[in-house]
Amino acid sequence: MSGASEVRQGGGRDRDPDGRARNARPRDGLGRPLPYGAAGVERQPEGLVRSPEETVAEAQALLDGGRPFHAHEVFEDAWKAGPEEERALWRGLAQLAVGLTHAARGNTTGGARLLRRGAGAVEEWASGTGRARPYGMVLVELGSWARELAGAVERDGTAISATAWAPRLRGRRG
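Asks: Tell me about the confidence of the model for the chain, residues and numbers included.
Replies: Segments scoring low in pLDDT should not have their predicted coordinates read at a detailed level. For the chain, the average pLDDT comes to 88, and 86% of its residues sit at 70 or higher. The low-confidence segment residues 1-10 (pLDDT under 50) makes 24 contacts with residues lying over four places distant or belonging to another chain.

Asks: Provide a residue-level description of the side chain of Gln95, including the pertinent values.
Replies: Topologically, Gln95 is positioned in helix H3 (residues 87-105). With a relative accessible area of 16%, Gln95 lands in the buried category.

Asks: Please give an account of the packing of aromatic side chains that cites residues and values.
Replies: What the rule picks out here adds up to two aromatic pairs. Ring pairing ties together the aromatic residues Phe75, Trp90 and Tyr135, which thus form one cluster. The lysine or arginine in question, Arg131, covers the ring of Tyr135, its NZ or CZ lying 5.5 Å from the ring centre.

Asks: So, the nonpolar core: which residues are in play, and what are the values?
Replies: Among the nonpolar cores identified, the biggest contains 36 residues, and Phe75, Leu89, Trp90, Leu93, Met137, Leu139 and Leu169 are the most heavily contacted of them. Where this core is concerned, the elements lending two or more residues are helix H1 (52-64), helix H2 (68-81), H3, helix H4 (108-129) and helix H5 (139-156). Considering every element that reaches this core, the biggest residue donor is H3, with nine residues. Those residues in contact with Leu169 that lie beyond four places of it in its chain are Val56, Ala59, Gln60, Leu63, Phe75, Gly136, Met137, Val138 and Leu142.

Asks: Describe in detail the packing of H4 against H5, supporting the description with residues and values.
Replies: For the pair H4 and H5, interaxial distance at closest approach is 8 Å and the crossing angle is 165°. Between H4 and H5, the angle is such that the two are roughly antiparallel. Here H4 runs over H5; the crossing is left-handed. Of H5, the residues touching H4 (which contributes Thr108, Ala112, Leu115, Arg116, Ala119, Gly120, Val122, Glu123, Trp125 and Ala126) are Leu139, Val140, Gly143, Ser144, Trp145, Ala146, Arg147, Leu149, Ala150, Gly151, Val153 and Glu154. Its residues assigned to classes, the contact of H4 with H5 comprises 13 nonpolar, five polar and four charged.

Thresholds applied
Residues numbered from 1 in each chain as written. Predicted model: local features only at pLDDT ≥ 70, side-chain atom pairs only at ≥ 80, totals over all residues. Heavy atoms only, no water. pLDDT = per-residue confidence, 0-100. Contact = heavy atoms within 4.5 Å. Helix = DSSP H or I, 4+ residues; strand = E, 2+ residues; numbered from the N terminus. Buried < 20%, exposed > 50% of the residue type's maximum accessible area, 1.4 Å probe, protein only. Phe/Tyr/Trp six-rings, centres within 6.5 Å; stacked < 30°, edge-to-face > 60°. Lys NZ or Arg CZ within 6 Å of the ring centre and 35° of its normal. Core = buried A, V, L, I, M, F, W, Y, C linked by side-chain atoms within 4.5 Å. Axes fitted to C-alpha atoms, helices over the stretch in contact; angles between N-to-C directions. Parallel < 35°, antiparallel > 145°, perpendicular 65-115°, else oblique. Left-handed = near helix turned anticlockwise from the far one by under 90°. Nonpolar A, V, L, I, M, F, W, Y, C, P; charged D, E, K, R; others polar.

Next comes the structure, spelled out in structure tokens:
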């Protein structure tokens, strides 16, 4: 659900038109809430069903644009809507994106933890299914990228650039 269809209900919790609790505050590019009325970054619509290829392409574009929080939302949709046998894959990818988000926000401990958890999840999924390159993604490279970034944020103890550290889901460009 996009921010445009969310409503603030007099002093209470924000709710969407169906009455479900939804935070309507605008967010910045890393998903941090901004004050009501501030100009924020367009939120990803929730609950979209995309093909796996569309999911990977959209998530990569968001990662390249320094918006890993939004990429996590795309992966989360795939995790919730996809076939049961792929849910652990998409959940692991969402964890990688959230880990990158936390590292970019300066939460080095949480970022490193999520990056390692996501790396382990995608590698375990690949090992268990025998699919190391689902939808063209390179899961072994993603695991290596995540562990490298986790080590860097722990060592340096400072926020990183989400754009500079954006992973290549389908491998390095030629």
